[in-house]
Amino acid sequence: MFTERGVWLSMSTPVELLARIERGEDLDAAGLATLLSLEEGADLERLFALADGIRKRSVGEEVHLRGLIEFSNHCRKNCAYCGIRLDNRKVRRYRMEIGEIVGTAVTAAGLGYRTVVLQSGEDAYYTADRMVELIRGIKKSADLAITLSIGERPKDEYRRFFEAGADRYLLRFETSSRALYARLHPDSSYDLRMLSLARLREIGYQVGSGVMIGLPGQTIDDLAMDLMQFKELDLDMVGIGPYICHPDTPLAGSPDGTAGMTFKMLALTRIVTGDAHIPATTALATLRPDDGRERALRLGANVIMPNLTPQQYRQHYLLYPGKICLQESSDRCTECVSGRVQSVGRVVSRGYGHSLKLHG
Ligand code: SF4
């Protein structure tokens, strides 16, 4: 059945679909689209409570903090939504030297972190040799798990990074709609993204991906298919963040995604993936600075990624405008986030927070 918006709706009612979740049954795309269409009310609250229950049973009360180091804002690509895309000449570009990145990671370990996420645009300056030097340097100096978030690379480079000690790799596909993917990514292909995710898995990485909510032209059906794709890929980590319009991109003037739809996607991601690690994203907290992260933790999330990028660089890594926590020091950020975790009755994990999934 189709609504006037073209959303494919399940023949089952929301109450029936929620009962199926409670019985541990899988939902199809139509069922997921129906639940994504829920407005405020008892059914939506029930959905959130079910997601929180699954979170509790599958990943427990611990929240993992991953220290984010944005080490370069140079990028060779032109993703339509991204503030640091190649063609945005207003960005002041920076690169951190290897020693400085290692030093930042050592500081993170001193603050109690057990994971650092090394993130950058697609920057050829960091050749495979330089990345290997960086990964080895961190592994030698600190007891840290390493997540890479540096975009698409050739398979042999993924392998070299893994052999040097990288544990995890984040590579979001942003949307499962091929048509939308093609419109937003003029210099990338959906097939290559899927191939890259398969290669990372084959090499042995814990693999993370994710999508953006509220992209111009995205439909509820697209979001339902994103959820099906998370399940299909059996991801170790899934990031869900709202689209936030950047004025210096081709999408200038388009409306932002909403916190409400992001919450629904987050809850359903927990329901479909079970024990994946799911962050309460900074983009969501940017839309809802007061309670975005707390709400996310209450409806499925179990990870937060505080920004540990040295302060002089942070303001230049703006994938979207209005990003929170640009001025706070790393220890202040850590303290603030730990307080937020405790305020919802959860505990900050002292472990690495490796994947809980066993891949066949
Ligand atoms: S989203 Fe990533 S790959 Fe695309 S332009 Fe931005 S930094 Fe580059």
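First, a word on scope: everything that follows refers to the structure included in this document.

Quick notes on the rules
Residues numbered from 1 in each chain as written. Predicted model: local features only at pLDDT ≥ 70, side-chain atom pairs only at ≥ 80, totals over all residues. Helix = DSSP H or I, 4+ residues; strand = E, 2+ residues; numbered from the N terminus. Rg over C-alpha atoms; globule rule 2.2 N^0.38 Å. Contact = placed C-beta atoms within 7 Å. Pairing = 2+ DSSP bridges. Axes fitted to C-alpha atoms, helices over the stretch in contact; angles between N-to-C directions. Buried ≥ 20, exposed ≤ 12 C-beta atoms within 10 Å, placed from the backbone. Right-handed = clockwise from strand over helix to strand, strands pointing away. Near = placed C-beta within 6 Å. Nonpolar A, V, L, I, M, F, W, Y, C, P; charged D, E, K, R; others polar. Parallel < 35°, antiparallel > 145°, perpendicular 65-115°, else oblique. Left-handed = near helix turned anticlockwise from the far one by under 90°. Expected span 1.5 Å × (residues − 1). Arc of directions from axis to C-beta.

Considering the overall build of the chain
The helix and strand tally for the chain stands at 14 helices and nine strands. The C-alpha radius of gyration of the chain comes to 19 Å, within 12% of the 21 Å expected for a compact globule of 360 residues. Dimensions along the principal axes, computed over C-alpha positions, put the chain at roughly 60 × 40 × 40 Å. At a minimum sequence separation of 6, the contacts of the chain that also span at least 24 residues come to 78%.

Things to note about the sheet that holds strand β7 (residues 237-242)
A sheet is described by the order of its strands in space; here six strands give the open sequence β2-β3-β4-β5-β6-β7, paired in parallel fashion. Every interior strand has two partners, whereas the edge strands, β2 (67-72) and β7, have only one. In this sheet, adjacent strand axes meet at a mean angle of 20 degrees when their direction is disregarded. Sheet analysis places strand β4 (residues 145-149) next to strand β5 (residues 168-170), joined by two bridges and oriented parallel. Looking at the pairing, Leu-148 lines up with Tyr-169 of β5. Against the sheet, helix α10 (residues 259-273) touches β6 (206-213) and β7, its axis set at about 165 degrees to β7.

Some words on the pairing of β7
Where burial is concerned, most of β7 is hidden: six out of the six residues are buried. As defined by bridge partners, β6 adjoins β7 across six bridges and the pair is classed as parallel. Each residue of the ladder has a partner; that of Met-212, found in β7, is Gly-241. Taken together, β6, helix α9 (residues 220-233) and β7 constitute a β-α-β crossover, and its handedness is right-handed.

Regarding the site of the ligand
Around the ligand, the neighbouring residues are Cys-75, Lys-77, Asn-78, Cys-79, Cys-82, Ile-84, Arg-85, Gly-121, Glu-122 and Gly-151. Here the residues of the shell around the ligand sort into four nonpolar, three polar and three charged.

Some details on the sheet that holds strand β8 (residues 303-304)
The strand order β8-β1-β9 describes an open sheet built from three strands, whose pairing is parallel. Each end of this open sheet is capped by a strand with a single partner; those strands are β8 and β9 (347-348). As judged from the two bridges shared by strand β1 (residues 62-65) and β9, these two strands associate in the parallel manner. Opposite Val-63, over in β9, you have Val-348 as the bridge partner.

Some details on the pairing of β2
Regular strands show a simple pattern: their side chains alternate between the two faces of the sheet. For β2, the tally of buried residues reaches six of six residues, placing the bulk of the element in the interior. As paired elements, β2 and strand β3 (residues 115-120) share five bridges and run parallel to each other. When the bridges of β3 are listed, Ser-72 appears paired with Ser-120. A crossover connection joins β2 to the parallel β3 through helix α4 (residues 98-110); in handedness this β-α-β unit is right-handed.

Thoughts on the packing of helix α5 (residues 128-141) against helix α6 (residues 155-164)
Across the interface, α5 lies against α6 with an axial gap of 9 Å and an inter-helix angle of 20 degrees. The angle between α5 and α6 places the two elements in the roughly parallel class. The handedness of the crossing between α5 and α6 comes out as right-handed. Contacts from Ala-128, Met-131, Val-132, Ile-135 and Arg-136 in α5 reach Glu-157, Arg-160, Phe-161 and Ala-164 in α6. Along the lines of polarity and charge, the residues of the contact of α5 with α6 split into six nonpolar, no polar and three charged.

Things to note about the packing of α6 against helix α8 (residues 190-203)
Close contact between α6 and α8 brings their axes to 10 Å; oriented N to C, the two are set at 35 degrees. α6 and α8 meet at a crossing whose hand is right-handed. Seen from α6, the contacting residues are Lys-155, Tyr-158, Arg-159 and Phe-162; seen from α8, they are Arg-199, Leu-200 and Ile-203.

Examining unusual backbone geometry
Notably, Glu-174 is not glycine yet its phi reads approximately 65 degrees, a positive angle. As for its placement among the helices and strands, Glu-174 is situated in the loop between β5 and α7 (178-184). Glu-174 gets classed as buried once you count the C-beta atoms within 10 Å, which come to 23. Positive phi, normally seen in glycine, also occurs at Cys-325, with a value near 60 degrees. If you trace the backbone, Cys-325 turns up in the loop between α13 (311-314) and α14 (330-343).

Points about α5
With 14 residues, α5 extends 20 Å between its outermost C-alpha atoms, agreeing within 8% with the 20 Å of an ideal straight helix rising 1.5 Å per residue. The set of residues buried in α5 consists of Met-131, Leu-134, Ile-135 and Ile-138. Seen end-on, α5 carries its buried residues on one side only, within an arc spanning 90 degrees. The exposed set on the far side of α5, more than 90 degrees from its buried face, consists of Asp-129 and Lys-140. As for α5, its buried residues are in contact with α4, β3, β4 and α6.

Purely spatial values, then, with no claim about function.
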